[in-house]
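Chains, contacts and geometry: an overview
Below are the chains, spelled out letter by letter.
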Amino acid sequence: MAPPGSFRDWIALLERERELVRIDAEVDPYLEVTEIVDRTVKSGGPSLLFTNPKGAKHPLLINQFGTERRMCMAFGVERLDDVAAKLEDVLEMQPPQGLAEKVRGLKKLKSIADSRPKSVRSGPAQEVVLEGDDVDLGLLPVQTCWPEDGGPFITLPAVITHDPKTGTRNVGMYRMQVRDERSTLMHWQLHKDGRMDYMATDGRLDVAVALGLDPVTAYSASAPLPKHIDELMLAGFVKGEPVELVRCKTVDLEVPASAEIVLEGYVERGDEGPEGPFGDHTGFYTPIEPFPVFHVTAMTMRRDAIYPSIVVGKPPQEDAWLGKATERIFLPAVRMTIPELVDYDLPVSGAFHNCVIVSIRKRFPGHARKVMHAFWGLGMLSLSKSIVVVDEHVNVHDYEEVFFYVGANVDPKRDVVLTEGPLDHLDHSPTLQFVGGKIGIDATAKGPAEGTREWPPEIEMSPEIKALVDARWSEYGLDAVAAEQDGRRTALQRLLRR
Ligand SMILES: Cc1cc2nc3c(=O)[nH]c(=O)nc-3n(C[C@H](O)[C@H](O)[C@H](O)COP(=O)(O)O)c2cc1C
Ligand SMILES: [Mn+2]
């Protein structure tokens, strides 16, 4: 199944799959939508189409990504690891041997060539064109998400800029606080590519913002690609067809032709305003800070455009699945730098920068430390505050199991690395913003080569006895009891049962 080609196709698919509920009652984008969505997300509920948001002209779609099933539907896969496998295939490409391999290699190369965005002459994104004084952000049901928020925020945009020196396109998802009918703030955090394009500009920088995209392209705006790689290439590659682009009306940029809504405009060096507070994915309000002002010169859209939104807040929220998609999709790319990496997990409750759990194929003394430092030197993972390293047989997604090895294998004096480095822009815990302490915990098995006593063997039942019990299981009559107990079992009991 191919991923949906547009936001419209995506909504239709969600509806067909009974993954969308229409809410026709008048609902206020001021706080009320958030409370409904928060309850829906936390109960694993459907995406919601608010057809009558108070005070706005356009409907609002939210919680499109809020479950693993919908995230897989968005990518047209059974499991998110399938997207990673496709990327791994290309990353691991070797010179082909023999005709069959050459043909397969050519197919892969074609899939790369096809991922380049394609320019088209027109698209539904420009059915309606509002310029100058006609621009009115008040037409959109922009949410004020949390009570202390500084105003309404556009939360699910794909923000497009070009590097003023190299011309390379960048697409990023950065919240935008609406100031008035024709301007917003642009929340480009310190470490982000959009910010770098802005900082490299002398005067004005053109900016285009696309809202209401096919889910893969929308996701790609949140993907932490290296600066010189265009996120729309990733989108095209994953979709298996190029993203189609139309030229903007008032700025020198292109935007996805199928977008629901496009905001064209510019930012200017030195033109900044107070942004925030905003109830963020850290679970706390981020304070007021200056950010660039985005002046909207044109607003183009479909005639009956639908506005997309997302709520972030105390985890878990809808963005958990965007983060999990990144975790899965980037595993092969991380492995290019850290080949001993077996798997990793960024717990949702760790807000994706507070904690990383890593399993490795350990080969030499100090190996876990090598891997910690590699993570602290790698892209956005460099902002990770704590890293736990376990051996290859440990399931990093099973936090009870990880906790067991942290407890069992760690001498805190010997196995804990305390260091310093850059931290996430939004992390409120360090004494100084942007920089502070980091902790690495080596929970792998050690031994005399690392200066310890002989490490004891781990308890494992012999394979023969396991096979014997498997074969005889029904004789014991335990299945009925097990089914009854399942509901009552605690996490600890589940661990003990393994
Ligand atoms: C829902 C959502 C909202 C986000 N909001 C912001 C934001 O306001 N500012 C920011 O710098 N990053 C934000 N991010 C993270 C960026 O989208 C992410 O770091 C992305 O890689 C940025 O693109 P870039 O690497 O091209 O700069 C958000 C991510 C998601 C999923
Ligand atoms: Mn980028």
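This is a predicted model, so every value here is computed, not measured.

Our focus in this paragraph is the coordination of the manganese ion (ligand 2). Bound to the manganese ion (ligand 2) are the protein donor atoms Asn-170 (OD1), Asp-193 (OD) and Glu-231 (OE), situated 2.1 to 2.2 Å from the metal. Spacing between the donor residues of the manganese ion (ligand 2) along their common chain follows N-x22-D-x37-E. Here Asn-170 is found in strand E8 (residues 169-172), whereas its partner Asp-193 is found in helix H6 (residues 193-199), with 23 residues between them in sequence.

Here we come to a nonpolar patch on the surface. Nonpolar side chains collect at one region of the surface, where Leu-106, Leu-109 and Ile-112 lie side by side and expose about 260 Å² of accessible area between them. Positionally, Leu-109 belongs in helix H5 (residues 98-113). Taking the relative accessible area as the measure of exposure, Leu-109 reaches 44% and is therefore partly exposed.

Before going further, it helps to spend a moment on the pattern of salt bridges. One pass over the structure, following the stated rule, counts 39 salt bridges. Between Lys-385 and Asp-427 there is a salt bridge whose closest N-O contact spans 2.9 Å. On the criterion of sequence distance, the pair formed by Lys-385 in the loop between helix H11 (367-375) and strand E22 (386-391) and Asp-427 in the loop between strand E23 (416-422) and strand E24 (435-442) is long-range, its members being 42 residues apart.

Moving on: the sheet that holds strand E20 (residues 341-345). Taken in spatial order, the five strands of this open sheet run E20-E21-E22-E24-E23, and their pairing is mixed. Strand pairing shows two members of the sheet lacking a second neighbour, E20 and E23, which therefore form its edges. The mean angle between the axes of side-by-side strands here comes to 20°, regardless of whether they run parallel or antiparallel. Here four bridges tie E20 to strand E21 (residues 355-360), and the two strands are oriented antiparallel to one another. Its bridge partner lying in E21, Asp-343 is registered against Ser-359. Where H11 meets the sheet, its contacts fall on E20, E21, E22, E23 and E24, and the angle it forms with E21 comes to roughly 135°.

Cis geometry is adopted by the peptide bond preceding Pro-277, which originates at Gly-276 and carries an omega value of -10°. Take Pro-277: it is sitting in the loop between strand E15 (272-275) and strand E16 (278-279). Cis rather than trans, the peptide bond between Pro-315 and Pro-316 has omega equal to 0°. Its location among the elements puts Pro-316 in the loop between strand E19 (307-309) and helix H9 (319-329). Of note in this structure, Arg-18 is not a glycine but carries a positive phi near 55°. Within the secondary structure, Arg-18 is located in the loop between helix H1 (7-16) and strand E1 (20-23). When its relative accessible area of 77% is taken as the criterion, Arg-18 is described as exposed.

Close to ligand 1 lie 19 residues; Met-173, Tyr-174, Arg-175, His-187 and Asp-193 are nearest. Between Met-173 and ligand 1, the recorded distance is 2.7 Å, taken from a backbone N or O atom to an oxygen atom. One of the backbone N or O atoms of Asp-193 is found 2.8 Å from an oxygen atom in ligand 1. Elements with a minimum of two residues in the shell around ligand 1: E8 and H6. Here the shell around ligand 1 takes three residues from E8, the largest share from any one element. Residue composition of the shell around ligand 1, by class: eight nonpolar, seven polar and four charged.

In this fold, Ile-154 is placed in strand E6 (residues 153-154). With a relative accessible area of 0%, Ile-154 lands in the buried category. Taking C-alpha positions, Ile-154 is 49 Å from Ala-482, a pair spaced 328 residues apart along the chain. Aside from chain neighbours lying at most four places away, what touches Ile-154 is Val-142, Arg-175, Met-176, Val-178, Leu-211, Leu-263 and Tyr-307.

Another point: the side chain of His-425. With respect to the helices, strands and loops of the structure, His-425 is situated in the loop between E23 and E24. A relative accessible area of 3% means that His-425 is categorised as buried. Only 3.1 Å separates the side chain of His-425 from the side chain of Glu-289, close enough to count as a polar contact.

What follows covers the side chain of Asp-424. Positionally, Asp-424 belongs in the loop between E23 and E24. The buried charged residue Asp-424 lacks any salt bridge, with Lys-192 as its nearest oppositely charged partner at 5.7 Å. At 2.8 Å, the side chain of Asp-424 and the backbone nitrogen of Leu-426 are in polar contact. Apart from residues lying up to four places away in sequence, Asp-424 is in contact with Gln-189, His-353 and Leu-383.

Below, the discussion takes up the packing of aromatic side chains. Across all of its chains, the model carries seven aromatic pairs by this definition. Seen in terms of ring centroids, Phe-404 and Tyr-405 are 4.9 Å apart; in terms of plane orientation they differ by 80°. Their pairing is edge-to-face. By relative accessible area, Tyr-405 is classed as buried at 8%. Considering the side-chain rings of Trp-473 and Tyr-476, the 5.8 Å spacing of their centres and the 85° angle between planes classify their relative orientation as edge-to-face. With a gap of three residues between them, Trp-473 and Tyr-476 both fall in helix H14 (residues 463-476), about one helical turn apart. Ring pairs connect the aromatic residues Tyr-174, Trp-188 and Tyr-198, which therefore count as one cluster. Positioned above the aromatic ring of Phe-237, the side-chain terminus of Lys-86 is 5.0 Å from the ring centre. Over the aromatic face of Tyr-198 sits the side chain of Arg-269, whose NZ or CZ is 5.5 Å from the ring centroid.

The element helix H8 (residues 231-239) is extensively covered by neighbouring structure, given that eight of its nine residues are classed as buried. Here H8 has its buried residues at Glu-231, Leu-232, Leu-234, Ala-235, Gly-236, Phe-237, Val-238 and Lys-239. Where H8 begins, the side chain of Asp-230 points an oxygen toward the backbone nitrogen of Leu-232, at a separation of 2.8 Å. Positive backbone phi, approximately 80°, marks Gly-240, located one or two places after H8.

Rules behind the numbers
Residues numbered from 1 in each chain as written. Chains lettered and ligands numbered in written order. Predicted model: local features only at pLDDT ≥ 70, side-chain atom pairs only at ≥ 80, totals over all residues. Heavy atoms only, no water. Donors = N, O, S within 2.8 Å, 3.2 Å for Na, K, Ca; no water. Helix = DSSP H or I, 4+ residues; strand = E, 2+ residues; numbered from the N terminus. Patch = residues over 30% accessible without salt bridge, like charges linked within 9 Å, V, L, I, M, F, W, Y side chains within 5 Å. Areas by Shrake-Rupley, 256 points an atom, 1.4 Å probe, with all protein chains shown as cover. Salt bridge = Lys/Arg side-chain N within 4 Å of Asp/Glu carboxyl O. Buried < 20%, exposed > 50% of the residue type's maximum accessible area, 1.4 Å probe, protein only. Pairing = 2+ DSSP bridges. Axes fitted to C-alpha atoms, helices over the stretch in contact; angles between N-to-C directions. Contact = heavy atoms within 4.5 Å. Near = heavy atom within 4 Å. Polar contact = N/O pair within 3.5 Å; in protein donor to acceptor, adjacent residues only side chain to side chain. Nonpolar A, V, L, I, M, F, W, Y, C, P; charged D, E, K, R; others polar. Lys, Arg positive; Asp, Glu negative; His and termini not counted. Phe/Tyr/Trp six-rings, centres within 6.5 Å; stacked < 30°, edge-to-face > 60°. Lys NZ or Arg CZ within 6 Å of the ring centre and 35° of its normal.

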